[in-house]
Amino acid sequence: MTDLFRFRRASAVLDEFHELERQEIYFAPPEDLNDPMEGYKDVVWQGDAVVWHNLLRHFLLNAMLMAHRLLGGPSFGEADIRKVIYVTFDDLPPAPATVRDVYLEICSQFFAEPGISSFVEKLGARARPMRREELTHYLRALYPFFLHLFFTHPSLKDVFTMTTPAEAFREQMERMNRSLEALVTLDPAQVASAEALFLAGEGLAVQEQIRLDVNSNGSLPPYAALFSYNFASSYVGALDQLIHYPAYYACFARIATNASMWGTYGDSHRGVALKFKTSANEAGDPVLQLKGVTGWHSGQGRAMEPDFGFRDHSVRNIEYSNTYPEIDFFRSIGHLPQQAINRFWFRDETGRESPIRAAIAEDEAKWREGYWAGFEAGLVRKTLDWAHEQEARIAIHSMLDSYDDPRYRKLQYRFQDLAGIVFGVNTREADKASIVKIIAAKCKAEERSGFEFYQTRYVRQQQGFQIIPLSLL
């Protein structure tokens, strides 16, 4: 068995969320955790002309949907792109047909440009994978041409007036194609330098966006967000969602004597640490039994309802490293219906199919193994800056999106697995008393004879914090 400690505010376990009384553990999305790299994927892009063509088609589709949304008035934000990133052509409403027609016409005009068709072919022939900053650089360069096609479309002629010199764009495409050709000849050291230049370019784009925001003084109309320098980078960041299903985390520590942990997660030492004991599964790995959604059912004429039950949840120790596993985007798209992957991402408008699809189909079991290995690796990787936390965690995910609703991310533990509670140095006496009363009532209800309480103290002889058993409670 392994001991785990979960730091919480006293208010969270008591009257704010009643976590102690309800025996609940909340599983948080990555964006709610304090590591900005939580859930980070070192994604690269390498593929044939079909999948590159379709990525640009997808970029145009997302840009068009965002343009329609912004013309309606709401402000721009990354959350908006993350809502439309899953959309493919088949998801567009059949009526009115205008939306589909506009998209198809814009795509036709876009890919009719000789520089763009050459660009796609060069991408498909490239042997070296592309990283985020380089992809963002190219999409940012292509974006103004989309805006030109969109706002000069007859259906929008009375909405907005915009002109972009075609010659200037074609000259830019020539430079981008020459750049792609030059990158093929670089040795590893030169490639590293080129990637540093693309990263520096992202820094310039951030500065330009800040400058634009400062100079506007809040006076820009909502549609001005369409010209944001952030659109391409937000789109590239949102592509991560098409790879793996969203995961949610409950975080624990393997020790309860780290002063920094108490200060950060234990409400400046005013909170508590719940001590859990794990059991072992058949492989000998630590697990904690938790009650949550196990499936869904529906009665006649009723909406789908969840089924609940206890099952083992694996406890994983965090691996601390400043590198992340590399994930090939085109070979890792999994968070979409199979029909959307095959019809939109692996086949172009003419029916030409990407060789990647055939390679996956040839040994789908091997692909699934690699896909889930990449998913698992991403759950337990953090940079060395966090090594002092000695973190372990439980992650939950569902291919049915069962955890979209936060209510279903509150999983219930068995009282017998709660081995004890550690009070912080500054935990209020009233909170201690309230916690002891709740535990006493639970022990009586379950006929449990013992429960461990501890007090955190600084011990001079040990030159650090120790947890002292409160044996009289």
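As a starting point, this report considers the structure included with it. (Residues numbered from 1 in each chain as written. Predicted model: local features only at pLDDT ≥ 70, side-chain atom pairs only at ≥ 80, totals over all residues. Heavy atoms only, no water.)

1. Looking at the overall build of the chain
Across its full length, the chain holds 15 helices and 17 strands. Taken over 473 residues, the chain has a buried fraction of 47%. Across the chain, the fraction of contacts at a sequence separation of at least 24, relative to all contacts at a separation of at least 6, is 78%. Total accessible area computed for the chain in this model is approximately 23500 Å², and 52% of it derives from carbon and sulfur atoms. Charge separation in the chain, taken as the distance between the mean sites of 51 positive and 62 negative side-chain charges, equals 5 Å. (Helix = DSSP H or I, 4+ residues; strand = E, 2+ residues; numbered from the N terminus. Buried < 20%, exposed > 50% of the residue type's maximum accessible area, 1.4 Å probe, protein only. Contact = heavy atoms within 4.5 Å. Areas by Shrake-Rupley, 256 points an atom, 1.4 Å probe, with all protein chains shown as cover. Lys, Arg positive; Asp, Glu negative; His and termini not counted. Charge placed at Lys NZ, Arg CZ, Asp CG, Glu CD.)

2. Things to note about the nonpolar core
By size, the foremost hydrophobic cluster in this structure holds 74 residues, and its most contacted members are W45, L55, L139, L142 and F329. V13, A250, A392 and I439 belong to the second-largest nonpolar core, a separate cluster that totals 33 residues. (Core = buried A, V, L, I, M, F, W, Y, C linked by side-chain atoms within 4.5 Å.)

3. Some words on helix α15 (residues 429-445)
A rise of 1.5 Å per residue sets the reference length of α15, with its 17 residues, at 24 Å; its end C-alpha atoms lie 25 Å apart and thus fit the reference within 8%. Listing the buried residues of α15 in full gives D431, K432, I435, I438, I439, K442 and C443. Taken around the axis of α15, the buried residues stretch over an arc of 135°, which confines them to a single face. For α15, the exposed residues lying more than 90 degrees away from the buried face are E429, K437, K444 and A445. (Expected span 1.5 Å × (residues − 1). Arc of directions from axis to C-beta.)

4. Describing the packing of aromatic side chains
Evaluation of the coordinates by the stated rule reveals 29 aromatic pairs. Considering the side-chain rings of F308 and Y408, the 6.2 Å spacing of their centres and the 55° angle between planes classify their relative orientation as tilted. Taken together, the residues F308 in strand β8 (residues 305-314) and Y408 in the loop between β13 (391-397) and β14 (410-413) connect sequence positions 100 residues apart. What links up through ring pairs into an aromatic cluster is the set W45, W52, F329, F330, F344 and W345. Sitting above the plane of the F89 ring, R100 keeps its charged end 4.7 Å from the centroid. Above the plane of the ring of Y249 lies R393, whose end atom (NZ or CZ) is 4.3 Å from the centre. (Phe/Tyr/Trp six-rings, centres within 6.5 Å; stacked < 30°, edge-to-face > 60°. Lys NZ or Arg CZ within 6 Å of the ring centre and 35° of its normal.)

5. Some thoughts on the environment of A232
Within the secondary structure, A232 is located in helix α10 (residues 231-238). A232 sits in the buried class, given a relative accessible area of 3%. A sequence separation of 197 residues divides A232 from D35, and the C-alpha atoms of the two residues are 23 Å apart. Here A232 is in contact with F59, T136, L139 and R140, once residues within four sequence places are set aside.

Everything listed is a geometric property; what it means functionally is a separate question.
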